[in-house]
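These are the residues of each chain, in order.
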Amino acid sequence: MADLLNTSISGLLAFQRALDVTSHNITNANTPGYSRQLPDFQTRTPQFLGGNWVGSGADVAAVNRAYDSFLSDQARSASSAYNQSNTYASQAARVSNLFGDSTTGLSATMQKFVNALQSVANAPNSTAARQTMLSEAGSLVDRLKSYDSSLKSLDSQVNASISTEADTITSLARGIADLNKQIASGYAQSGQAPNDLLDQRDRLIDQLSTHVNVNVVKTDDNQMNVFIGNGQPLVVGSDPAKVVATSDPYDPTRKRLAVQSSVGTIDITSSLSGGTLGGLLSFRTEMLDPARNTIGKISVALADVMNEQHNAGMDLNGNMGGDFFAVGDVVVRPHANNTGNSSATVTRTSTGALTNSDYILTNTAGGWSLRNAATGATVPMSGTGTAGDPFVADGLSIVVSGTAGVGDSLKIMPTAGAVSSMQVLVTDPAEVAAAAPIRAQAGTGNQGSATITAGEVLNPTNPALRTAATITFTSATTYTVSGDPTVYTYTAGSNIDANGWRVQVSGTPAAGDTFTVGDNSTGTGDNRNMLLLAGLMNEPVMNNGTTSLSQGIGQFVGDIGVKTNAAQVTAAAQKVVAEEATESMQAVSGVNLDEEAANLLRFQQAYMAISQMIRVADSCFQSVLQATRG
């Protein structure tokens, strides 16, 4: 019934509820994730009395959250992007600091070794210089092993972090599912929004987005379904899935990620992005693994060119030099679920053709195929995979053995294991092959003006390499080489090759002039091979003969620096975007204490005014009673 008292009581209750809401806002001003709440005042249904519609007062029909789903999604996405870029940048900085130090970095360490080579070239008979060279070679190997060990340690830390991230995501998913259940029950019970539960759920989803990128879909019963990766369900209503860290099928020490739900287990490693987890996975794929492979490739290239040239030299004992460095072999790992017993023997055949990639060799119904492990791109290869006709691809020779089931696969890591087994094979300073094993000289009775170079070694394994041979000019334009009846046409400055060596004769020879190429066993002061060794750092031996070791190292260190700087710039930019998105959301949802203070005063005054109306109603009622008592 519309009357003064009932109307006043409705207002009293409405403003009491408004004061309760304002008090709740003030109390939670510093509560993370809290959205300010607003009382929704509505007039009561009026009544038709005495020919007029008379109002019946007011009610608080609902208490609503100050919430904008668009701004919330925007802030969530920005936070996820920032956490990914920030995680990547912080991890990348560790790798950059490892290789880029001006005194202990890779470029500085390699330069010290080159300087030691040059010192031996300057004083080939100096035992001290030779010992220093061997020490610097050992230091270089130790430094490369230290890099490899540090990268392995970093990989282990990434694996541990991935396991922790999986546990955290699973815990958050359970919390969201539980709140979904409570929220659905709250709506069903009262028809009103349980605002504080909604805030708690949004906060958990916000926290989840800092770990991995999420997609959220609201259902008809006000629950939130959460999806990650390529749409894999993490939370469906009140049913949470479980994210677990699983072992890589090729390497039990390496962690991958899978979603376990009522419908099965799905590997989601390659589809995850955003958040700290996305940053860790991107860092491992884009920087950590390539860095390990590149260090291995540099080590293989260094060992290959040093060994080849050292084998072509002669040491202080008059012996041919042997291999200077040893490196680890190609690593081949079978898939854990292979049904057959296939294996592969893989050797490096061309240092220049090696890449920074790992490969997956898979047995298909049509035969073996090779693809890039990181990109999945098919890698062309020739051969049949037998010992007589091996598969050949990207500087590798692959011989497959055993019986393979369809779908069986092997992971081939050409350079990842090279550094761990690297060592210096030469330990005696006298065994450093600084000299060339041959020396060419002109005959004492020569009449012409021709001269001959000291000679270079083409094939150190040729059994006749150090056997004396004579070049005899039968005329000014023809010559023969002892042991070879062929008469060759002479062209000044052109190559003359025989017995595994090469010389050039320049000038004008006379008929009967001779030049001898023979053993240099007395040439202990010779530095020709050491000069070649010192110059190897600038020879194009990598990337199909387009890049020298020095350039390769510079490019590697520079690329890490560029990637790290780009990641740091991106992280800084994403931080600004995330902060602006959060500020925009807080402008709508955040509690403003000044505004709440004003509301508190406004509702308090209204409450007091309504109280006065009740007093007026009471006074009127008392007047009626007194009048009727008569």
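Report on the accompanying structure. (Residues numbered from 1 in each chain as written. Predicted model: local features only at pLDDT ≥ 70, side-chain atom pairs only at ≥ 80, totals over all residues. Heavy atoms only, no water.)

1. Considering the overall build of the protein chain
To keep it simple, the criterion reads: Think of it this way: any DSSP run of H or I at least four residues long counts as a helix, any run of E at least two long counts as a strand, and we number them from the N terminus. For the radius of gyration, the atoms used are the C-alpha atoms, and the globule rule reads 2.2 Å times the number of residues raised to 0.38. Throughout, exposure labels follow a simple rule: accessible area from a 1.4 Å probe, protein chains only, divided by the maximum for the residue type, with under 20% read as buried, over 50% as exposed, and the rest as partly exposed. Whether two residues touch is decided by their heavy atoms; if any such pair falls within 4.5 Å, the residues are in contact. Here the open area of atoms and residues is found with the Shrake-Rupley method and a 1.4 Å probe, where only the protein chains shown may cover a residue. The sign given to each residue is positive for Lys and Arg and negative for Asp and Glu; His and the chain ends receive no count. Each charge is placed at NZ for Lys, CZ for Arg, CG for Asp and CD for Glu.
Counting its regular elements, the protein chain contains nine helices and 31 strands. Taken over C-alpha atoms, the radius of gyration comes to 41 Å for the protein chain, far larger than the 25 Å a tight globule of 630 residues would show. Going through the 630 residues of the protein chain one by one, you find that 43% of them count as buried. Intrachain contacts of the protein chain at a sequence separation of at least 6 include 69% that bridge at least 24 residues. Total accessible area on the protein chain stands at roughly 29,200 Å², and carbon and sulfur atoms take up 50% of it. Both charge centroids of the protein chain, one from 36 positive and one from 52 negative side chains, sit 5 Å from each other.

2. Quick notes on the pairing of strand β9 (residues 242–248)
This is how the line gets drawn: Being paired, for any two strands, means DSSP has found at least two bridges between them.
In terms of strand pairing, β9 meets strand β10 (residues 251–261) through seven bridges, oriented antiparallel. Looking at β10, one finds that Val244 is bridged to Ala258. Count of turn residues in the β9/β10 antiparallel hairpin: two residues.

3. Description of the environment of Asn544
Its place among the elements puts Asn544 in the loop between β30 (540–542) and β31 (547–548). In this structure, the C-alpha to C-alpha distance between Asn544 and Gly395, residues 149 residues apart in sequence, is 9.4 Å.

4. Some details on the sheet that holds strand β16 (residues 367–372)
So the rule is basically this: For helices, the axis comes from a line fit to the C-alpha atoms of the stretch in contact; other axes are also lines fit to C-alpha atoms, and the angle between any two N-to-C directions lies between 0 and 180 degrees.
Reading across the sheet, the four strands line up as β13-β19-β15-β16 and stay open at both edges, with antiparallel pairing between neighbours. Of all strands in the sheet, those with a lone pairing partner are β13 (331–334) and β16, marking the two edges. On average, each strand axis in the sheet is inclined to that of its neighbour by 25°, with strand direction left out of account. When β13 meets strand β19 (residues 409–413), the two strands line up antiparallel, connected through four bridges. Bridge pairing in β19 places Val331 opposite Met413.

5. Looking at the packing of aromatic side chains
Rules: Each pair of aromatic rings taken from Phe, Tyr and Trp, with Trp reduced to its six-membered ring, is defined by centres within 6.5 Å and is described as stacked if the planes are under 30 degrees apart, edge-to-face if over 60, and tilted in the remaining cases. Counted as over-ring charges are cases with an Arg CZ or a Lys NZ within 6 Å of the ring centre that also lie within 35 degrees of the ring normal.
Summed over the entire model, instances satisfying the criterion amount to 13 aromatic pairs. An angle of 45° between the planes, with centres 5.4 Å apart, marks the rings of Phe15 and Phe41 as tilted. Within this pair, whereas Phe15 is found in helix α1 (residues 4–27), its partner Phe41 is found in strand β1 (residues 37–43), the two being separated by 26 residues in sequence. By relative accessible area, Phe41 is classed as partly exposed at 31%. Centroid distance Tyr479 to Tyr488: 5.4 Å. Interplanar angle 25°. Geometry classified as stacked. Through pairs of rings, three or more aromatic residues link up here, namely Phe473, Tyr479, Tyr488, Tyr490 and Phe515. Note that Arg65 overlies the ring of Tyr67, its terminal NZ or CZ placed 4.1 Å from the centroid.

6. Re helix α4 (residues 127–190)
Since there are 3.6 residues in each turn of an α-helix, residues three or four apart along the chain are aligned in direction. Test applied: By definition here, a helix of n residues has an expected span of 1.5 Å times n minus one.
Compared with an ideal rise of 1.5 Å per residue, which puts 64 residues at 94 Å, α4 spans 93 Å between its outermost C-alpha atoms and is within 8% of the ideal. Taken from the residues just after α4, Gly191 is the one with a positive phi, measuring 75°.

7. Overview of a nonpolar patch on the surface
We apply this condition: Candidate patch residues must exceed 30% relative accessible area and have no salt bridge, after which like charges are joined if within 9 Å and Val, Leu, Ile, Met, Phe, Trp or Tyr side chains if within 5 Å. Whenever Lys or Arg places a side-chain nitrogen within 4 Å of a carboxyl oxygen from Asp or Glu, that contact is recorded as a salt bridge.
A contiguous nonpolar patch, built from Leu4, Met613 and Val616 and spanning about 220 Å² of accessible area, is present on the exposed surface. With respect to the helices, strands and loops of the structure, Leu4 is situated in helix α1. Leu4 gets classed as partly exposed once you look at its relative accessible area, which sits at 34%.

8. Examining the nonpolar core
Where we set the bar: In these notes, a set of buried Ala, Val, Leu, Ile, Met, Phe, Trp, Tyr and Cys residues joined through side-chain atoms within 4.5 Å is what counts as a nonpolar core.
Counting residues in hydrophobic clusters, the biggest one holds 87 residues, and the most contacted among them are Phe99, Leu106, Phe113, Leu302, Phe324 and Phe325. Examining the composition of this core, we find that 20 residues originate from one element, α4, more than from any other. In this view, Leu106 contacts Phe99, Leu144, Tyr147, Ile295, Ile298, Ile553, Phe556 and Val557; residues no more than four positions away in its chain are not counted. Grouped together as the second largest cluster of nonpolar side chains are 20 residues, Ala450, Leu465, Ile471 and Ala498 included.

9. Some points on the packing of helix α2 (residues 69–100) against helix α8 (residues 549–589)
Angle between the axes and distance between the axes are the two parameters that describe a pair of packed helices. Put simply, the rule reads: Any angle from 65 to 115 degrees is called roughly perpendicular, while one under 35 is roughly parallel, one over 145 is roughly antiparallel, and all others are oblique. With the far helix as reference, a near helix turned anticlockwise by less than a right angle produces a left-handed crossing, and one turned clockwise produces a right-handed crossing.
Between α2 and α8, the shortest axis-to-axis distance is 7 Å and the interhelical angle comes to 155°. If you check the angle between α2 and α8, you find them roughly antiparallel. When you trace α2 past α8, the crossing you get is left-handed.

10. Examining the side chain of Gln223
Our working rule: What qualifies as a polar contact is a pair of N or O atoms within 3.5 Å, subject to a donor-acceptor requirement within protein and to the restriction that residues adjacent in sequence count only when both atoms come from side chains.
Here Gln223 shows up in the loop between β5 (215–218) and β6 (224–228). You can call Gln223 buried: its relative accessible area is 10%. At a separation of 2.6 Å, a polar atom in the side chain of Gln223 contacts the side chain of Asp221. With residues up to four places along the chain from it excluded, the contact list for Gln223 reads Asn180, Lys181, Ala184, Arg201, Val217, Lys218, Gly237 and Ser238.

11. So, unusual backbone geometry
A negative phi angle characterises most non-glycine residues, just as the trans form characterises most peptide bonds. Even without being glycine, Asn222 reaches a positive phi, approximately 70°. Turning to its location among the elements, Asn222 is positioned in the loop between β5 and β6. For Asn222, a relative accessible area of 18% puts it in the buried group. One non-glycine residue with positive phi stands out, namely Asp394, at about 50°. Looking at the element boundaries, Asp394 is found in the loop between β17 (391–393) and β18 (396–401).

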